[in-house]
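Close look at the chain arrangement
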Amino acid sequence: MYDPSQLRTFLAVAQTLSFTQAARRLGLRQSTVSQHVRRLEDACGRQLFARDTHSVELTEDGEAMLGFARRILEVQEQATVFFTGTRLRGRLRFGASEDFVLTRLPEILEGFRYDHPEVDLELTVELSGTLHEQLAAGKLDLVLAKRRPEDPRGELVWHDSLVWIGAERLRLDPDRPVPLIAYPPPGITRALALEALERQGRPWRIACTSGSLNGLIAAARAGLGVMAHSRGFVPPGLVQVPERAGLPELGEVDFVLVHGRRRTSAQEAADALAAAILGAGDRLHRGQRG
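Overview of the overall build of the chain
- Within the chain, the secondary structure is distributed over 10 helices and 11 strands.
- Taking 290 residues into account, the globule formula puts the C-alpha radius of gyration at 19 Å, and the chain, at 20 Å, falls close to it.
- Reported as C-alpha extents along the three principal axes, the dimensions of the chain are approximately 65 × 45 × 30 Å.
- Looking at the 290 residues of the chain, the share that counts as buried comes to 47%.
- Counting contacts in the chain only where the partners sit at least 6 residues apart, residues at least 24 apart contribute 77% of the total.
- As displayed, the chain offers around 14400 Å² of accessible surface, 49% of which is attributable to carbon and sulfur atoms.
- Side-chain charges in the chain split into 37 positive and 37 negative, and the spacing between the mean points of these groups amounts to 2 Å.

Concerning the packing of helix α1 (residues 4–16) against helix α2 (residues 19–26)
- At a minimum axis separation of 8 Å, α1 and α2 run at an interaxial angle of 130°. Between α1 and α2, the angle falls in the class oblique. You can see that α1 and α2 cross each other, and the crossing is right-handed. Between α1 and α2, the contacting residues are R8, T9, A12, V13, Q15 and T16 on the first element and F19, Q21, A22, R25 and L26 on the second.
- Classifying every residue of the contact of α1 with α2 gives 5 nonpolar, 4 polar and 2 charged.

With respect to the pattern of salt bridges
- Under the counting rule described, the total for this entry stands at 8 salt bridges.
- In this structure, R51 engages E41 in a salt bridge whose closest nitrogen and oxygen atoms are separated by 3.5 Å. Taken as a pair, R51 in strand β1 (residues 49–51) and E41 in helix α3 (residues 30–44) lie far apart in primary sequence, 10 residues in all.
- A salt bridge links R147 to D254, with the shortest nitrogen-to-oxygen separation between them at 3.1 Å. Here R147 is found in strand β5 (residues 142–147), whereas its partner D254 is found in strand β11 (residues 252–259), with 107 residues between them in sequence. Like R147, the residue D254 is buried in the burial classification.

The rules behind these values
- Residues numbered from 1 in each chain as written.
- Predicted model: local features only at pLDDT ≥ 70, side-chain atom pairs only at ≥ 80, totals over all residues.
- Heavy atoms only, no water.
- Helix = DSSP H or I, 4+ residues; strand = E, 2+ residues; numbered from the N terminus.
- Rg over C-alpha atoms; globule rule 2.2 N^0.38 Å.
- Buried < 20%, exposed > 50% of the residue type's maximum accessible area, 1.4 Å probe, protein only.
- Contact = heavy atoms within 4.5 Å.
- Areas by Shrake-Rupley, 256 points an atom, 1.4 Å probe, with all protein chains shown as cover.
- Lys, Arg positive; Asp, Glu negative; His and termini not counted.
- Charge placed at Lys NZ, Arg CZ, Asp CG, Glu CD.
- Axes fitted to C-alpha atoms, helices over the stretch in contact; angles between N-to-C directions.
- Parallel < 35°, antiparallel > 145°, perpendicular 65-115°, else oblique.
- Left-handed = near helix turned anticlockwise from the far one by under 90°.
- Nonpolar A, V, L, I, M, F, W, Y, C, P; charged D, E, K, R; others polar.
- Salt bridge = Lys/Arg side-chain N within 4 Å of Asp/Glu carboxyl O.

Here you go:
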């Protein structure tokens, strides 16, 4: 028997690749997180993480445990709902950023709808900056989006690096402005890309603007320019721009869940969906849809 609390801790560490971040997410001490992982490793007789003072990585057995842990916790949740007779109801206004268009988020939402058929789920797909504005205005109940590095709001789903991506055949002329493919304002990746280019003193020009991720991908695949994007979300047909191109470092980005103003009718449904996303967060950036 695997302890559900240890499985939840394991998933949190696997998604953040940080014992410190996992402890913060779960509201536990870091020593407790380490203890949960150690006991789970003892229970299965395998090492789940390769870790040193600088990094945490899943082992091959850890990758296998991901699927088992998710299924065990999902079945436990379904059994709890069935036998307690509690059925969530109400209207839940959920916002997800454009970053998730090509990921497995629809599968997570499908599972949520199956478990909670009486919740009226309304999905809004927008730029992260726009979603944060709508949340602040009381137009959404829960948001899954990027946040700027200095923004403390939200519950961390995972941490990632931003990279430059483009068509494999694309070659940048160092004597000409960087052709940039970007979301319109208030896109967070757009702002971070422009700030990085300005710091480097590198000239740039906007080659394509689109509020749709599919539009940006089409422009990039056509070789119109480069775009800033999460390393974990690189779309099929595009590659990371090599370092020899001389583009500036873009830094890190957090993907977070942020709750809006608590409405009684939406609070429990928002909590349930947030738990489902946190429990399956690694699926969002592992094995994207093509």
